[in-house]
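Topology and contacts: notes
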Amino acid sequence: MARRILILKGSPRAGGNSAALADRVADGAREAGAEVEAVFLHDLDIRPCDACDNCIETGGVCIIKDDMQSIYQKLLSADAIVLASPVYWFTISAQLKACIDRWYGLQTAGWKQLAGKQVGVVLSYGDTDLYSSGGINAIHTIESMCRFLRMEIVGIVHGTLMDVGDAAKHPEFMEQACQLGRHLGAGKDKNDSH
Ligand SMILES: Cc1cc2nc3c(=O)[nH]c(=O)nc-3n(C[C@H](O)[C@H](O)[C@H](O)COP(=O)(O)O)c2cc1C
């Protein structure tokens with residue numbers, strides 16, 4: 001069966017840099033034979049986690065009836081999840097953070113629902129490097145989260161890209177994104193460079 005790759009796009013700019021890189025991840029994954037689905041989070045109604053802890057009683061099912069309900073299904077059936085975000089205020093965007101906060105229910109159910117899934121990360125930022133931009137904080141957050149959930153980060157693509165259209169001017173980032181997609185699509189692990 002083809003591997004399933006779920007891409008969560010966390011920018012409000014549908015044609016922005018992180019989305020353009022995420023689309024190249026999708027291309028690479030499809031080349032490797034995977035099925036790819038991309039979700040543009042900004043268009044969805046995703047309420048913040050309200051810490052009701054009902055998910056502890058329900059075995060991991062969140063009781064908030066909004067667009068996260070369809071994303072839960074997609075997360076659970078995916079073999080790999082791509083988190084694509086602009087760096088906003090030195091970390092991931094609010095859209096992506098709100099979505100990830102709602103994974104709380106998944107980890108209450110025996111800590112296992114996302115374990116073993118692969119993760120790809122795509123970040124774009126305006127400042128000159130990973131540190132001054134705050135991209136490093138985004139990576140630290142995602143790494144901590146994946147360690148906690150026992151998910152494996154296969155690759156991280158990031159770069160200085162400010163305005164819409166900048167990603168297209170950087171074939172090196174686009175190629176890195178495509179390569180990440182190929183790896184996720186083929187189910188290779190992070191140590192496999194080919
Ligand atoms: C609200 C807001 C906050 C931002 N904060 C940062 C930041 O902390 N560090 C940075 O380097 N760039 C920052 N930027 C620039 C974006 O990260 C940059 O334009 C990025 O390429 C946007 O990605 P996108 O095209 O996928 O939306 C910010 C932009 C906006 C609109």
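Structure report, in brief. Since we're looking at a predicted model, the values are computed, not measured.

Inspection of the region around the ligand gives 17 residues, with Ser11, Asn17, Ser18, Val87 and Leu161 positioned closest. One nitrogen or oxygen atom from the main chain of serine 133 is found 2.8 Å from a nitrogen atom belonging to the ligand. Separating an oxygen atom of the ligand from a backbone N or O atom of leucine 161 is a distance of 2.3 Å. Taken by itself the ligand offers 640 Å² of open surface, and the protein chains cover 79% of this. Those elements that place two or more of their residues in the shell around the ligand are α1 (17–31) and β4 (118–125).

As a volume, the largest pocket reaches approximately 260 Å³. Residues belonging to the lining of the largest pocket are distributed by class as follows: seven nonpolar, eight polar and two charged. Roughly 190 Å³ of volume is contained in the second largest pocket. As for the second largest pocket, its lining consists of Ile92, Lys97, Ile100, Asp101, Trp103, Tyr104, Gln107, Thr141, Met145, Phe148 and Leu149. For the lining of the second largest pocket, the secondary structure elements donating two or more residues are α4 (94–101), α5 (104–108) and α7 (135–149). Ranked by residues supplied to the lining of the second largest pocket, first place goes to α7 with four residues.

Another point: the environment of leucine 41. The topology assignment puts leucine 41 in the loop between β2 (35–40) and α2 (54–57). Once the C-alpha coordinates of leucine 41 and lysine 9 are considered, the two residues, 32 residues apart in sequence, prove to be 5.9 Å apart.

Right, let's get into the nonpolar core. Counting 36 residues, the largest nonpolar core has Leu8, Ile71, Leu75, Ile81, Leu83 and Trp103 as the members making the most contacts within it. Counting only elements with at least two residues in this core, the list comes to β1 (4–9), α3 (68–77), β3 (80–86), α4, β4 and α7. No other element matches the six residues that α7 contributes to this core. Excluding anything up to four places from it in sequence, isoleucine 71 contacts Leu8, Val39, Leu41, Leu44, Ile46 and Cys99. By size, the runner-up hydrophobic cluster in this structure holds 22 residues, among which are Ala22, Phe173, Met174 and Leu184.

We now examine the sheet that holds β3. Reading across the sheet, the five strands line up as β2-β1-β3-β4-β5 and stay open at both edges, with parallel pairing between neighbours. Because the sheet does not close on itself, it has two edges, and the strands there are β2 and β5 (152–160). The sheet shows a mean angle of 15° between the axes of neighbouring strands, direction not considered. This element, α7, spans β3, β4 and β5 of the sheet and lies at about 170° to β5. Its contacts with the sheet place helix α8 (residues 171–186) against β1, β3, β4 and β5, and it is angled at close to 170° to β5.

Now for the pattern of salt bridges. With the rule as written, the count across this model stands at eight salt bridges. Lysine 74 is the salt-bridge partner of glutamate 37, the closest N and O atoms lying 2.8 Å from each other. Here glutamate 37, found in strand β2, pairs with lysine 74, found in helix α3; they are 37 residues apart in sequence, far enough to count as distant. Since its relative accessible area comes to 37%, glutamate 37 is described here as partly exposed. Between arginine 102 and aspartate 66 there is a salt bridge whose closest N-O contact spans 2.8 Å. Separated by 36 residues along the polypeptide, arginine 102 in the loop between α4 and α5 and aspartate 66 in the loop between α2 and α3 bring together distant segments of the chain. For arginine 102, a relative accessible area of 2% gives the class buried. Among the charged side chains, a salt-bridge network with shared partners connects Glu31, Glu175 and Arg182.

Reading the values: rules and limits
- Residues numbered from 1 in each chain as written.
- Predicted model: local features only at pLDDT ≥ 70, side-chain atom pairs only at ≥ 80, totals over all residues.
- Heavy atoms only, no water.
- Near = heavy atom within 4 Å.
- Polar contact = N/O pair within 3.5 Å; in protein donor to acceptor, adjacent residues only side chain to side chain.
- Areas by Shrake-Rupley, 256 points an atom, 1.4 Å probe, with all protein chains shown as cover.
- Helix = DSSP H or I, 4+ residues; strand = E, 2+ residues; numbered from the N terminus.
- 1 Å grid on protein atoms, 1.4 Å probe; cavity = no way out; pocket = protein on both sides within 12 Å on 5 of 7 lines; lining within 4 Å.
- Points joined across faces, edges and corners; volume = space filled by probe spheres on them.
- Nonpolar A, V, L, I, M, F, W, Y, C, P; charged D, E, K, R; others polar.
- Core = buried A, V, L, I, M, F, W, Y, C linked by side-chain atoms within 4.5 Å.
- Buried < 20%, exposed > 50% of the residue type's maximum accessible area, 1.4 Å probe, protein only.
- Contact = heavy atoms within 4.5 Å.
- Pairing = 2+ DSSP bridges.
- Axes fitted to C-alpha atoms, helices over the stretch in contact; angles between N-to-C directions.
- Salt bridge = Lys/Arg side-chain N within 4 Å of Asp/Glu carboxyl O.

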